[in-house]
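An overview of the molecular structure
So you can see what is in the structure, the chains are spelled out below.
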Amino acid sequence: MSVQLLTYLFVGLSFALYIGIAIWSKAQSTNDFYVAGKGVHPVANGMATAADWMSAASFLSMAGLIAFLGKDGSVYLMGWTGGYVLLALLLAPYLRKFGKFTVPDFIGERYYSSFARKVAVLCLIFISFTYIAGQMRGVGIVFSRFLEVDIETGVIVGMAIVFFYAVLGGMKGITYTQVAQYCVLIFAYLVPAIFISILMTGNAIPQIGFGSTLVDSSTFLLDKLDQVTLELGFTEYTKNVKSNIDIFCITAALMFGTAGLPHVIVRFFTVPSVGDARKSAGYALIFIALLYTTAPAVSAFARMNLIDSIQDQSYSTAPKWFKNWEEIGLIAWQDKNDDGAIRYSSGNALEGTKPKYSENRGKHGERLLENNPNQDNSNEVYIDRDIIVLANPEIAQLPGWVIALVAAGGLAAALSTAAGLLLVISSSISHDLLKKTYMPHITERLELKYARISAAIAIGIAGVFGIYPPAFVAQVVAFAFGLAAATFFPALFLGIFYKRLNKEGAIAGMLGGLIFTATYIIYFKFINPSLNVEEYWLMSISPEGIGSIGMLINFVLAITISSLTKQPPKEVYDMVDMIRKPS
Amino acid sequence: MDKRNKEYWNSNLKIVSVLLIIWFLVSFGFGILFSDFLDQIKIGGFKLGFWFAQQGSIYIFVILIFVYVYLMQKLDKKISQEEDSDQ
């Protein structure tokens, strides 16, 4: 069977499974729709959290990013797992004890203020939509490369599937489809990683193969990689390029941001008890760690393989995957020294960040570019980092069914995260804005109907983002984490651990963190991107890491202003006492 | 009753603080600040600082959460037994 046929088969089967689950788990009440009736087993919730959390970015982009960043890529590995320790120890059990439906719900009640609730809804919607745009791009890439349909068609099919189980099943439908999606995505990630680990190091466990010697040689993989990257003009693979303070701040922003992401927090509202919420965070991290400890191994294998298979090859005999991805527009080759061979080394091959293809072909059959070659270096190859995971099985020449499996896994990762995000958006609109603020008298049936309508509208908007991706998708990811760290984390943490915090302090903190972080990122990413280099940054902290400073500002403002204004009412003290007790 | 709640909360804070110190040490400490120093030590093909940054810290995070679950379960049990013996 051809790879394409196999891909249709795998993707079709997985979609049929998701729809089947959605029909079986239809939501009957708002309790079902928002928090799956609070009856999800902690292991199932752990899997669902893992699928919810691991997005198209984790599955498709992260290993590629690390392959090119080397040790600097560790910020994503530590940042996106370490947040779960904070979540488990500082937030999840208490928010579960609070026992309501959404994150703005907690903020609104703890700070006895509908203004605080509205600020929270605003941050939540912004963070979640930022995220969804990335998922839809992932769906588009998988569809266009493996199923050879237009990105538009791909996005519409993806939307239809999510629509079906999110609108019908709510949190209940999403939870059980996410369990299935986790199984699909982790299997799809591990199989090629194990294959490649065996091929390169003879060890079936990628986490160990990563630190082993290469097959038929006594050289360690990482030593060889250090040597090769150095020869090509890069920094050694296992050395940092970024400054320690920047790495520190980015890791912190990602960790605290993770702990403050509403679509992750709300997953812990679905388990039966406080003890289950704690356990569930542990299971979630095991399931996540399975992928996150494999990813850096995949990165090292991919970087090595990539260099081996294209360096000094003549273009006419270059591997097929190289030309396939060139056709999609994610690889480009410009023969600077006119010798017909591919030379890969450090530096941007082209002027401008992305290749612009002309209609013409060069004398070796390559796609010609309108960009001028960048003559500062001898690198001739542009490679989009997003393709590494998808191309890896092809680069390592694995069988067709493995390639098809990876496509189904990428879709599972993108769809599960998109669904989780859509749910928090729709519940914050129907529950926090309508029921709790503007239409307090609506019945539960009507609230459920509004929840479904807002989910449907949110899917529509997400689809538009997928078909017409805003040019700044990659840039705004820093936004999502930075903002979550600078707004939600301090408000939630202090809400539980510091009784004296009143509404004035909390609101000032959230707004202060929000404005500082947003201004810094907007300035360097959109207004003055040419100044976005270390010498202009505040204390050499990049926009990716600035959320951690925003968070400190939030803490300082919140505590200072609280101590200058009057105490919160007695009910709030009682409420905090209540959530601090486990049963 | 209030006294017991306070005791429970203080034990909770102690557990959480100790675990978070370890959390900070393995990631921000071994993985970032002292990473270059630890890189002088090699285990198999891994430099130790690099291993903590890309593997070790994640394994320890998982262990920390389960230690927390275990200690809190023990604490919950102790408190509920004390409450029972009051009645």
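Residues numbered from 1 in each chain as written. Chains lettered and ligands numbered in written order. Predicted model: local features only at pLDDT ≥ 70, side-chain atom pairs only at ≥ 80, totals over all residues.

1. As for the overall build of chain B
Defined as follows: Helical segments are the DSSP runs of H or I of at least four residues, strand segments are the runs of E of at least two, and each set is numbered from the N terminus. We take the radius of gyration over the C-alpha atoms and set the globule estimate at 2.2 Å times the residue count to the 0.38 power. Any residue surrounded by 20 or more other C-beta atoms within 10 Å of its C-beta is treated as buried, while 12 or fewer makes it exposed and the intermediate range makes it partly exposed; C-beta atoms here are placed from the backbone. Contact between two residues is assigned whenever their backbone-derived C-beta positions fall within 7 Å.
When you go through chain B residue by residue, the secondary structure sums to 3 helices and 2 strands. Along chain B, helices (α) and strands (β) appear in the sequence α-α-β-β-α when read from the amino end. Over its C-alpha atoms chain B spans a radius of gyration of 19 Å, topping by over 25% the 12 Å that the globule rule assigns to 87 residues. Seen through its C-alpha atoms, chain B measures out along the principal axes to roughly 60 × 20 × 15 Å. Each of the 87 residues in chain B was classed as buried or not, and the buried ones make up 33%. Within chain B, contacts between residues at least 6 apart in sequence are counted, and of these 51% link residues at least 24 apart.

2. Let's talk about the interface of chain B and chain A
Quick reminder of the rule: Gly counts as polar in this scheme, as do all residues outside two lists: the nonpolar Ala, Val, Leu, Ile, Met, Phe, Trp, Tyr, Cys and Pro, and the charged Asp, Glu, Lys and Arg.
Of the residues lining the interface, 31 residues belong to chain B; the matching set on chain A comes to 37 residues. Those elements giving two or more residues to the side of chain B that touches chain A turn out to be helix H1 (2-33), strand S2 (46-47) and helix H3 (48-86) of chain B. Sorting elements by how many residues they give to the side of chain B that touches chain A places H3 of chain B first, with 16 residues. Class assignment for the residues of the side of chain B that touches chain A results in 20 nonpolar, 9 polar and 2 charged.

3. Points about helix H3 (residues 42-53) of chain A
Residues and elements named next belong to chain A. Keep this limit in mind: A helix is expected to reach a length of 1.5 Å times the quantity of its residues less one.
Between its terminal C-alpha atoms H3 stretches 16 Å, which fits the 16 Å expected from 12 residues at 1.5 Å a residue. In terms of burial, H3 is largely enclosed, as 11 of its 12 residues are buried. By the burial criterion, the buried members of H3 are Pro42, Ala44, Asn45, Gly46, Met47, Ala48, Thr49, Ala50, Ala51, Asp52 and Trp53.

4. A few points about the domain arrangement of chain A
All names here are of chain A. Spelled out, the test is: How far each domain reaches was decided by an automatic or database domain assignment.
Examined at the domain level, chain A breaks down into domain 1 (3-306 + 397-580) and domain 2 (313-383). Taking only C-alpha atoms, the centre of domain 1 and the centre of domain 2 are 34 Å apart. The interface is formed by 5 residues belonging to domain 1 together with 4 residues belonging to domain 2. Looking at the side of domain 1 that touches domain 2 residue by residue, the classes come out as 2 nonpolar, 2 polar and 1 charged.

5. Side note on the pairing of strand S2 (residues 357-361) of chain A
All names here are of chain A. Let me state the cut-off plainly: Between any two strands, pairing holds if DSSP finds at least two bridges.
The element S2 is barely covered by neighbouring structure, given that only 0 of its 5 residues are classed as buried. As paired elements, S2 and strand S3 (residues 367-369) share 2 bridges and run antiparallel to each other. Residue pairing in the sheet places Arg361 in a bridge with Arg367 of S3. Where S2 folds back onto S3 in an antiparallel hairpin, the turn is made up of 5 residues, including Gly365, whose phi is positive at roughly 95°.

6. Concerning the packing of helix H4 (residues 56-69) of chain A against helix H15 (residues 388-395) of chain A
All names here are of chain A. Threshold: All axes here are fitted lines through C-alpha atoms, helices being fitted over the stretch that makes contact, and every angle between N-to-C directions spans 0 to 180 degrees. Orientation is classified from the angle alone, with under 35 degrees giving roughly parallel, over 145 giving roughly antiparallel, 65 to 115 giving roughly perpendicular, and any other angle giving oblique.
Viewed as axis vectors pointing N to C, H4 and H15 meet at an angle of 75°, and their least axial separation amounts to 7 Å. Here H15 runs roughly perpendicular to H4, going by the angle between their axes. When H4 is examined against H15, the residues Phe59, Leu60, Ala63, Gly64 and Ala67 are found in contact with a partner set consisting of Ile388, Val389 and Leu390. Looking at the contact of H4 with H15 residue by residue, the class counts come to 7 nonpolar, 1 polar and no charged.

7. Looking at the environment of Pro490 of chain A
Residue and element names in this part refer to chain A. With respect to the helices and strands, Pro490 occurs in helix H18 (residues 473-497). Residue classification places Pro490 among the buried residues on the basis of 29 C-beta atoms within 10 Å. Spatially, the C-alpha atom of Pro490 lies 8.0 Å from that of Met510, the residues being 20 residues apart in sequence. Not counting the four nearest positions on each side in its chain, Pro490 is found in contact with Gly509, Gly513, Met551, Asn554, Phe555 and Ala558.

8. Brief notes about unusual backbone geometry
With phi around 35°, Tyr112 of chain A is a residue other than glycine that occupies positive phi space. For Tyr112 of chain A, the location among the structural elements is in the loop between helix H6 (103-110) and helix H7 (114-147).

9. A look at helix H5 (residues 74-98) of chain A
The first and last C-alpha atoms of H5 of chain A sit 35 Å apart over 25 residues, in line with the 36 Å expected at 1.5 Å per residue. Where burial is concerned, most of H5 of chain A is hidden: 22 out of the 25 residues are buried.

10. With respect to the nonpolar core
Convention followed: Defined on buried residues, the nonpolar core groups Ala, Val, Leu, Ile, Met, Phe, Trp, Tyr and Cys residues joined through C-beta atoms within 7 Å.
In terms of nonpolar packing, the biggest core is built from 216 residues, with Leu185 and Leu422 of chain A together with Ile65 of chain B touching the most fellow members. Inspection of this core shows a minimum of three residues originating in each of domain 1 (3-306 + 397-580) and domain 2 (313-383) of chain A. Not counting residues up to four positions away in its chain, the partners in contact with Ile65 of chain B are Tyr84, Val85, Ala88, Ala281, Gly282 and Leu285 of chain A.

11. Quick notes on the environment of Val167 of chain A
The residue Val167 of chain A is located in helix H8 (residues 151-201) in this model. Put simply, Val167 of chain A and Ile459 of chain A are 292 residues apart on the chain and 9.5 Å apart in space, counted from C-alpha to C-alpha.

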